[in-house]
Amino acid sequence: MTEQQLRENVAEVRRRMAEAAVKAGRDPAEILLCAASKTQDADTVRLAAGLDIDLFGENRVQELVAKQAAAAYGEKPLHFIGHLQTNKVRQVVGVASLIQSVDSAHLLNAIQAQAEKKELCQDILLEVNIGGEASKSGVSPEELDALVETAAQMGYVHVCGLMAIPPAQATPAQTRQYFAQMRQLFERLQGQRFENVHMEYLSMGMSGDFESAILEGANLVRVGTSIFGARNYPV
């Protein structure tokens with residue numbers, strides 16, 4: 001994809017984001033655009049880094065490491081947004097400014113140990129399995145408080161908010177309901193006091209539903225195909 005095509009795509013996503021924000025009575029400037037660059041090569045990502053996006057999100061550790069080594073992200077922050085295995089935590093902690101997909105005490109412990117070893121505090125989001133899907137990662141809404149309390153006791157982890165991916169087969173109306181449920185969880189936790197926990201980011205919404213997410217309170221959306229086009233998966 002050419003730089004001009006990328007520029008046009010980003011401008012269109014920004015337009016739609018702003019329209020949804022205004023409809024919700026919100027300031028478009030408060031909503032961050034994460035370019036989900038899964039399967040995109042370093043050259044394409046480097047072009048995108050010069051455009052009107054706020055940060056990049058990677059789903060795969062191998063891609064994150066390779067593109068980081070190629071200086072593809074420029075000065076833009078980098079988030080890890082995919083499922084993170086504990087044996088790959090050391091490659092992500094301190095490299096990603098935010099890990100959005102923390103879903104268990106086991107993973108929390110691994111991040112805490114690696115962050116302590118590197119003498120830094122790792123920002124994270126807690127991923128919620130809002131649709132209760134057996135095939136999807138994420139803590140259940142019912143177990144979220146316990147995970148927050150566990151994270152609050154860790155000195156090298158800082159919880160900055162929540163992340164979710166509604167079921168892919170949900171109708172637009174159902175998806176909007178899932179987003180509304182996430183906002184309720186987010187706002188409830190905002191009203192509680194925990195050490196190392198500050199509910200700043202509500203990350204939800206992707207190419208097919210980011211407008212609904214913004215209408216329901218998302219302040220960080222993860223957009224891939226609407227920016228980069230269809231993904232090219234290896235055969």
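Preceding this section is the structure that the text describes.
Residues numbered from 1 in each chain as written. Predicted model: local features only at pLDDT ≥ 70, side-chain atom pairs only at ≥ 80, totals over all residues. Heavy atoms only, no water.

Student: What is the right way to read helix α7 (residues 172–190) from this model?
Tutor: An α-helix turns once per 3.6 residues; consequently, residues spaced three or four apart project the same way. Here α7 spans 27 Å end to end across 19 residues, near enough to the 27 Å set by a 1.5 Å rise per residue. Among the residues making up α7, those that are buried are Thr-175, Tyr-178, Phe-179, Ala-180, Met-182, Leu-185, Phe-186 and Leu-189. Where α7 is buried, its residues contact β5 (122–128), α6 (144–152), β6 (157–164), β7 (197–203) and α8 (210–215). (Helix = DSSP H or I, 4+ residues; strand = E, 2+ residues; numbered from the N terminus. Expected span 1.5 Å × (residues − 1). Buried < 20%, exposed > 50% of the residue type's maximum accessible area, 1.4 Å probe, protein only. Contact = heavy atoms within 4.5 Å.)

Student: What's the story with the pattern of salt bridges in this structure? I'm lost.
Tutor: Where charged atoms from two side chains of opposite charge come close, those side chains can pair. According to the stated counting rule, one finds 16 salt bridges in the structure shown. For Arg-15, the salt bridge goes to Glu-19, with nearest N and O atoms at 3.3 Å. A residue pair is termed a helical-turn pair when its members lie 3 or 4 positions apart in one helix, as Arg-15 and Glu-19 do in helix α1 (residues 3–23) at 4 residues. With its nearest N and O atoms 3.1 Å apart, the salt bridge here joins Arg-188 to Asp-145. Taken together, the positions of Arg-188 in helix α7 and Asp-145 in helix α6 put the pair 43 residues apart, joining distant regions of the chain. For Arg-188, a relative accessible area of 33% translates into the label partly exposed. Linked through salt bridges whose partners overlap, the residues forming this network are Glu-58, Arg-60, Glu-63 and Lys-67. (Salt bridge = Lys/Arg side-chain N within 4 Å of Asp/Glu carboxyl O.)

Student: How should I be thinking about the packing of α6 against α7 in this particular structure?
Tutor: Two quantities define a packed helix pair, namely the angle between the helix axes and the distance between the axes. Between α6 and α7, the least distance of the axes is 12 Å, while the angle of their chain directions is 40 degrees. Compared by their axis directions, α6 and α7 come out oblique. As for how α6 packs across α7, the hand of that crossing is right-handed. Along its contact with α6, which presents Leu-144, Asp-145 and Val-148, the element α7 presents Leu-185, Arg-188 and Leu-189. Here the contact of α6 with α7 is built from residues that sort into 4 nonpolar, no polar and 2 charged. (Axes fitted to C-alpha atoms, helices over the stretch in contact; angles between N-to-C directions. Parallel < 35°, antiparallel > 145°, perpendicular 65-115°, else oblique. Left-handed = near helix turned anticlockwise from the far one by under 90°. Nonpolar A, V, L, I, M, F, W, Y, C, P; charged D, E, K, R; others polar.)

Student: Which parts of the structure should I look at to understand the side chain of Glu-58?
Tutor: Within the fold, Glu-58 resides in strand β2 (residues 55–58). Polar side-chain contacts of Glu-58 include one of 2.7 Å to the side chain of Ser-37. Setting aside anything within four residues of it in sequence, one finds Glu-58 in contact with Ser-37, Lys-38, Glu-63, Leu-64, Lys-67, Tyr-73, Leu-78, His-79, Phe-80, Ile-81 and Gly-82. (Polar contact = N/O pair within 3.5 Å; in protein donor to acceptor, adjacent residues only side chain to side chain.)

Student: Got a minute to help me understand unusual backbone geometry in this structure?
Tutor: Backbone phi values are negative for most residues with the exception of glycine, while trans is the configuration of most peptide bonds. With a phi close to 75 degrees, Thr-39 is a non-glycine residue in the positive phi region. Within the secondary structure layout, Thr-39 lies in the loop between β1 (32–36) and α2 (42–48). With phi around 65 degrees, Asn-196 is a residue other than glycine that occupies positive phi space. With a relative accessible area of 25%, Asn-196 lands in the partly exposed category.

Student: I'm lost on the environment of Asp-41 in this one. Help?
Tutor: Its place among the elements puts Asp-41 in the loop between β1 and α2. A relative accessible area of 43% places Asp-41 in the partly exposed class. For the pair Asp-41 and Lys-67, spaced 26 residues apart in the sequence, the C-alpha separation amounts to 7.7 Å. Within the local environment of Asp-41, its side chain forms a polar contact with the backbone nitrogen of Thr-44, the two atoms lying 2.8 Å apart.

Student: Please explain the side chain of Ser-37 as it appears in this structure.
Tutor: Mapped onto the elements of the fold, Ser-37 is located in the loop between β1 and α2. Other than its neighbours up to four places away in sequence, Ser-37 contacts Val-45, Phe-56, Gly-57, Glu-58, Glu-63, Lys-67, Tyr-73 and Phe-228.

Student: What exactly am I supposed to notice about the pairing of β1 here?
Tutor: In regular strands, side chains alternate between the two faces of the sheet. Here β1 lies mainly inside the structure; 4 of its 5 residues are buried. Here β1 pairs with strand β8 (residues 220–223) via 4 bridges, running parallel. Across the sheet, Leu-33 pairs through a bridge with Val-221, a residue of β8. As defined by bridge partners, β1 adjoins β2 across 3 bridges and the pair is classed as parallel. Note on β2: the bridge partner recorded for Cys-34 is Leu-55. Each parallel crossover has a hand, and the one from β1 via α2 to β2 is right-handed. (Pairing = 2+ DSSP bridges. Right-handed = clockwise from strand over helix to strand, strands pointing away.)

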